[in-house]
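If you want the building blocks of each chain, they are given just below.
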Amino acid sequence: MMARGLAFLLRRSIPKTSEITMEVLATAAEGTAPILADECNDLGLRVVHVRRDGVVLDLNTTSTAKALVHLRVATRLLLALDDVRCRDANDLYGSLKQIDWPRWLDDRHTIAVHATGALPGSPEAPERRGPPARGPAIRNHVFASQRGKDAICDVLRGKFDARPNVDLEDPDVRIVLRFRGDRCGVYLDISGEAMHRRGYRIDAVPAPMKETLAAAAVAIVDWDGTRPLIDPMCGSGTLIIEALMRHLNIAPGLHRDFAIERWPNHGEAVGLLLDKERDAAKEAADAAIANASGLKVIAGDFDRAALRATRTHLERAGLTDLVEVVRHNVRRMDTDLADAVVICNPPYGERIGGSTVTDLYEAMAQRWATLDRADVWVLDGHDDFVSRFGYRPRRSWMLRNGQLHVRWHHFRLTETDRLRGRSEPEVSVDDPAEVDQDPTAAGPVAVEAPEIADVRADEAGAPSP
Ligand SMILES: C[S@@+](CC[C@H](N)C(=O)[O-])C[C@H]1O[C@@H](n2cnc3c(N)ncnc32)[C@H](O)[C@@H]1O
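The structure contained in this document is the topic of the report that follows. What you are looking at is a predicted structure, and each value in this text was computed from that prediction instead of being measured. (Residues numbered from 1 in each chain as written. Predicted model: local features only at pLDDT ≥ 70, side-chain atom pairs only at ≥ 80, totals over all residues.)

**Topic: the site of the ligand**
In step 1: The environment of the ligand is made up of 21 residues, and the closest members are M233, G235, S236, T238 and D303.
In step 2: Here the shell around the ligand is built from residues that sort into 13 nonpolar, 5 polar and 3 charged. (Near = placed C-beta within 6 Å. Nonpolar A, V, L, I, M, F, W, Y, C, P; charged D, E, K, R; others polar.)

Below, the structure written as structure tokens:
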């Protein structure tokens, strides 16, 4: 066993690199990766390629800080360490022991290992190639996390003569294992708490949208501020807040910390860069809010609790003065803003109050019939929405709201857009891979198959005990 003194000396000799380059996976919810790729290109980040579950980026510490503070659609940033073979538990342990963990971890910072995705031999896993597994099966995500943690701790004990403690709740460094059958992507979680947590939303309302999904939706709308913007069923105000933040270029990450700031070796240097990025973003946000003029933005709902939440969130986002919050029933709302941009996420559940949601969809169309110069965007999670609303969408994007597959429809409420009769409408749905990809943008953009079946690493899988 290595003497304690020698281990200390070795630890001291780890370089505190201030500028490192790394391959980073910016994860995205289903259907939003191409939108995220556009965002990355706009920020000048180097896009390596676009996958269904996110965008692979080539970043250094400076551009990592920029990505963390400014990306709106990314759900997490993960540093890609390796992609290893993992046919069975022995394979996994052996492959993980080959990774240079002391470059990133030491014995004084706590860790947690989080496993997710399709385990080898599971029904969701891609078909096995190569020789059959001989060692013990990777039975579940908890077991995978434990074997991963054993391998990492054994490497670190060899180097420092001591192993890091595990802290499942609040680790300094979270290691993420994303399985896709016999292969496993090994990552360090750069962002920590999921990136939809901007910090402005605290009040719970039923069925809120994630901020990252709302950001993707409003990126598609691309509201330019010249026309009134209305969310008549605003819930906690997410769509309106994300639309305003995007329009005013207010960075989503300017009020929060990120996991990488706590990492050994690199945390301090990246923390300084993040402070610089956040300070500049705060200054820019204050100026944008102070100079915003001529905007007409309305958030409405009939539920008092929802409106209270919207007011709280607007205040926390610094946007109170830019938004009119009104209590109205959409069935009787003012419709004098004929050229408005309407964005909304109506309820999908069957009953609200005394009537059904499908009655509500018909009532919305009747009430909005005079908005024939408006662009109307609806997040639809109900099979009968389009037929009951009675208009054919000009274009629709397939997205996912939590576990639910949803469509983000763009309507124009003109006579020619009206559906005739009650038959099932033909809705032409965009392949998300085709959404707004700009071939002239900075990095090469190509779409490849998903890395794992469940692309939302934040919700699936299990931490190691
Ligand atoms: C799915 S939630 C919207 C959630 C919102 N996007 C968010 O992120 O918090 C639907 C909202 O529609 C509102 N709503 C339902 N029927 C309404 C009506 N007839 N008039 C006004 N608001 C209505 C509900 O009160 C609820 O807040």
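**Brief notes about helix α8 (residues 267-291)**
In step 1: For α8, spanning 25 residues, the distance from its first C-alpha to its last is 35 Å, which sits close to the expected 36 Å at 1.5 Å a residue.
In step 2: Where α8 is buried, its residues contact α3 (61-70). (Helix = DSSP H or I, 4+ residues; strand = E, 2+ residues; numbered from the N terminus. Expected span 1.5 Å × (residues − 1). Contact = placed C-beta atoms within 7 Å.)

**Quick notes on the pairing of strand β1 (residues 21-27)**
In step 1: As paired elements, β1 and strand β3 (residues 54-60) share 7 bridges and run antiparallel to each other. Across the sheet, V24 pairs through a bridge with L57, a residue of β3.
In step 2: Two strands pair when backbone bridges link them, and β1 and strand β4 (residues 76-85) are joined in this way by 4 bridges, in the antiparallel orientation. Residue A26 lies in a different strand from β4, and its bridge partner there is L77. (Pairing = 2+ DSSP bridges.)

**Thoughts on unusual backbone geometry**
Peptide bonds are, in most cases, trans, and in most cases residues other than glycine have a negative phi.
In step 1: Positive phi, normally seen in glycine, also occurs at D161, with a value near 65°.
In step 2: Mapped onto the elements of the fold, D161 is located in the loop between α5 (141-160) and β6 (173-180).
In step 3: Among the residues examined, D161 registers 18 C-beta atoms within 10 Å and is labelled partly exposed. (Buried ≥ 20, exposed ≤ 12 C-beta atoms within 10 Å, placed from the backbone.)

**Brief notes about the pairing of strand β9 (residues 297-301)**
In step 1: The buried fraction of β9 amounts to 5 of the 5 residues, a majority that puts the element mostly inside the structure.
In step 2: Side chains of β9 alternate between two faces, with V297, A299 and D301 and I298 and G300 buried alike.
In step 3: As paired elements, strand β8 (residues 229-231) and β9 share 3 bridges and run parallel to each other. What sits directly across from I230, in β9, is I298.
In step 4: Relative to strand β10 (residues 324-327), β9 runs parallel, the two being bridged by 4 bridges. Looking across to β10, one finds that I298 is bridged to E324.
In step 5: For the crossover from β9 across helix α9 (residues 304-316) to β10, the handedness is right-handed. (Right-handed = clockwise from strand over helix to strand, strands pointing away.)

**Looking at the packing of α3 against α8**
In step 1: As a packed pair, α3 and α8 sit with axes 9 Å apart at the nearest point and diverge in direction by 45°. The orientation of α3 relative to α8 falls into the category oblique. In the packing of α3 onto α8, the handedness of the crossing is right-handed. On the side of α3, the interface is formed by T61, T62, T64, A65, K66, L68 and V69, while α8 contributes A269, V270, L273, L274, E277, R278 and A281.
In step 2: A per-class count over the contact of α3 with α8 returns 8 nonpolar, 3 polar and 3 charged. (Axes fitted to C-alpha atoms, helices over the stretch in contact; angles between N-to-C directions. Parallel < 35°, antiparallel > 145°, perpendicular 65-115°, else oblique. Left-handed = near helix turned anticlockwise from the far one by under 90°.)

**Observations concerning α5**
In step 1: Between its terminal C-alpha atoms α5 stretches 28 Å, which fits the 28 Å expected from 20 residues at 1.5 Å a residue.
In step 2: Among the residues of α5, H141, A144, S145, R147, G148, K149, A151, I152, C153, K159 and F160 are the ones counted as buried.
In step 3: At the C-terminal side of α5, D161 shows a positive phi close to 65°.

These figures capture arrangement, not role.
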